[in-house]
Amino acid sequence: SVALINYYLDICDPNMEPDQQIRWAKLNIFLAQVTQAADVQYTSPLQVWISDAMDESHMGLCGLRHVFEEGIPPERLASTAGLLGVCYWIVCAGDRLWENVLNRRRYNKYDGRPGEMYSKRGWKGFERDRWDVWVQGLRDVKAVCTSGQELVEDLIDRALSKIEHVMSNEMTSS
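A brief report on the enclosed structure follows. (Residues numbered from 1 in each chain as written. Predicted model: local features only at pLDDT ≥ 70, side-chain atom pairs only at ≥ 80, totals over all residues. Heavy atoms only, no water.)

### Quick look at the overall build of the protein
We apply this condition: Comment: elements are numbered from the N terminus, with helices defined as DSSP H or I runs of at least four residues and strands as E runs of at least two. Relative accessible area decides the class of each residue, using a 1.4 Å probe on protein chains only: under 20% of the type maximum gives buried, over 50% gives exposed, and in between gives partly exposed. Two residues form a contact once any of their heavy atoms are found within 4.5 Å.
Scanning the protein from terminus to terminus reveals seven helices and zero strands. Seen in sequence order, the protein has helices and strands lined up from the N terminus as α-α-α-α-α-α-α. In the protein, which comprises 174 residues, the share counted as buried stands at 46%. Sequence-distant contacts in the protein: of pairs separated by 6 or more residues, those separated by 24 or more amount to 69%.

As structure tokens, then:
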């Protein structure tokens with residue numbers, strides 16, 4: 001189960017074994033692709049459950065919260081499975097994540113809660129200012145990448161490019 005994998009692994013541990021990092025990245029790629037393929041109807045901003053069982057957006061939200069909202073220094077994040085996972089979520093399901101933001105998709109108080117650094121924000125899911133925190137988090141990690149981390153930098157660039165793309169689509173369609 002995904003929850004069990006997350007429970008036993010510290011996805012923001014830079015010393016995680018490389019094979020575990022690869023497994024985490026592959027799991028997130030799979031979940032993000034399935035989520036992007038889901039048929040989601042946004043009928044209410046307070047909607048907690050969406051009927052398409054393929055939609056695992058809450059798993060992306062949990063990863064983004066853990067990586068960018070818990071006060072983990074960007075220097076530490078640059079070599080973690082957690083960063084890889086959230087980058088792949090954005091690259092593979094950026095459209096769905098952004099639609100969730102635009103529709104203010106909410107969850108229960110556990111799944112939608114903010115991370116420790118933002119505990120006073122009252123977030124319950126995909127909020128625009130929360131999205132901005134994640135985007136800044138990606139930029140902060142990219143800024144501290146060192147030589148030898150070109151692959152991480154490239155993945156961050158792909159995620160930032162996807163963000164720019166999905167946000168520009170919304171702006172041109174409104």
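### Quick look at the side chain of Q21
Heads up, the rule is: For the purposes of these results, a polar contact is taken to be a pair of N or O atoms within 3.5 Å, where, inside protein, one atom must be able to donate a hydrogen and its partner to accept one; residues adjacent in sequence count only when each atom of the pair is a side-chain atom.
With respect to the element layout, Q21 can be found in helix α2 (residues 18-37). Here the side chain of Q21 touches S79 through a polar contact of 3.2 Å, landing on its backbone oxygen. Those residues in contact with Q21 that sit more than four places away from it in its chain are D13, P14, M16, S79, T80, A81 and L84.

### Comments concerning the pattern of salt bridges
Keep this limit in mind: For this analysis, a salt bridge means a side-chain nitrogen from Lys or Arg found within 4 Å of a carboxyl oxygen belonging to Asp or Glu.
Applying the stated criterion across every chain yields a total of ten salt bridges. Residues R106 and E127 are paired through a salt bridge, measuring 3.5 Å at the closest nitrogen-oxygen approach. Here R106, found in the loop between α5 (81-102) and α6 (128-144), pairs with E127, found in the loop between α5 and α6; they are 21 residues apart in sequence, far enough to count as distant. Taking the shortest distance from any N to any O, the salt bridge between R128 and D132 comes out at 3.2 Å. In this pair, R128 and D132 both sit in helix α6, four residues apart, roughly one turn of the helix. Owing to a relative accessible area of 39%, R128 belongs among the partly exposed residues under this scheme. Look at D132 and you get partly exposed, because its relative accessible area is 37%. Salt bridges sharing common partners tie together D55, R96, E99 and R105.

### Focus: the packing of aromatic side chains
Put simply, the rule reads: Here a pair means two rings of Phe, Tyr or Trp (six-membered ring of Trp) with centres within 6.5 Å. Their orientation is stacked below 30 degrees between planes, edge-to-face above 60, and tilted elsewhere. Criterion for a charge above a ring: Lys NZ or Arg CZ within 6 Å of the ring centre, and within 35 degrees of the ring normal.
Per the stated rule, a full pass over the model turns up five aromatic pairs. Summarising the aromatic geometry, the rings of W98 and W131 are spaced 4.8 Å apart at their centres and angled 50 degrees between planes, so their arrangement reads as tilted. Of this pair, W98 sits in helix α5 while W131 sits in helix α6, placing them 33 residues apart in sequence. Like W131, W98 is buried. Three or more aromatic residues link up through ring pairs in this structure, and these residues are W98, Y107, F126, W131 and W134. Between the NZ or CZ atom of R113 and the centre of the ring of Y110, over which it lies, the distance is 4.1 Å.

### Structural notes on the packing of helix α3 (residues 57-68) against α6
For clarity, the threshold we go by: Here an axis means a line fitted to C-alpha atoms, over the contact stretch when the element is a helix, while the angle between two N-to-C directions is reported on a 0 to 180 degree scale. Angles are sorted into four bins: roughly parallel if under 35 degrees, roughly antiparallel if over 145, roughly perpendicular if 65 to 115, and oblique for all others. Crossing handedness: left-handed means the near helix sits turned counterclockwise from the far one by under a right angle, and right-handed means the same turn made clockwise. When residue character is reported, Ala, Val, Leu, Ile, Met, Phe, Trp, Tyr, Cys and Pro are called nonpolar, Asp, Glu, Lys and Arg charged, and the others, Gly included, polar.
Put simply, α3 and α6 touch, their axes get as near as 10 Å, and they point 55 degrees apart. Judged by the angle between their axes, α3 and α6 are oblique. Helix-helix and strand crossings are classified by hand; for α3 and α6 the assignment is left-handed. Together, L61, L64, R65 and F68 of α3 and R130, V133, W134, G137, L138 and V141 of α6 make up the contact between the two elements. Of the residues assigned to the contact of α3 with α6, the class counts are seven nonpolar, one polar and two charged.

### So, the nonpolar core
Soluble globular proteins: nonpolar side chains tend toward being buried together. The condition that has to hold: Here the nonpolar core consists of buried residues drawn from Ala, Val, Leu, Ile, Met, Phe, Trp, Tyr and Cys, with membership extended through side-chain atoms lying within 4.5 Å.
Judged by nonpolar contacts, the single largest core of 48 residues is most densely connected at F68, L83, W131, W134, L138, I156 and I163. Listed by contribution, the elements that provide at least two residues to this core are α2, α3, α5, α6 and α7 (150-173). Tallying contributions element by element places α5 first for this core, with twelve residues.

### Section: unusual backbone geometry
The backbone phi angle of R104 is positive, close to 50 degrees, even though this residue is not glycine. Judged by its relative accessible area of 42%, R104 falls in the partly exposed class.

### So, α6
Definition in use: How far a helix is expected to stretch is found by multiplying one less than its residue total by 1.5 Å.
Over its 17 residues, α6 extends 25 Å from the first C-alpha to the last, a length consistent with the 24 Å expected when each residue adds 1.5 Å. Taken together, the buried positions of α6 are occupied by R130, W131, V133, W134, V135, G137, L138 and V141.

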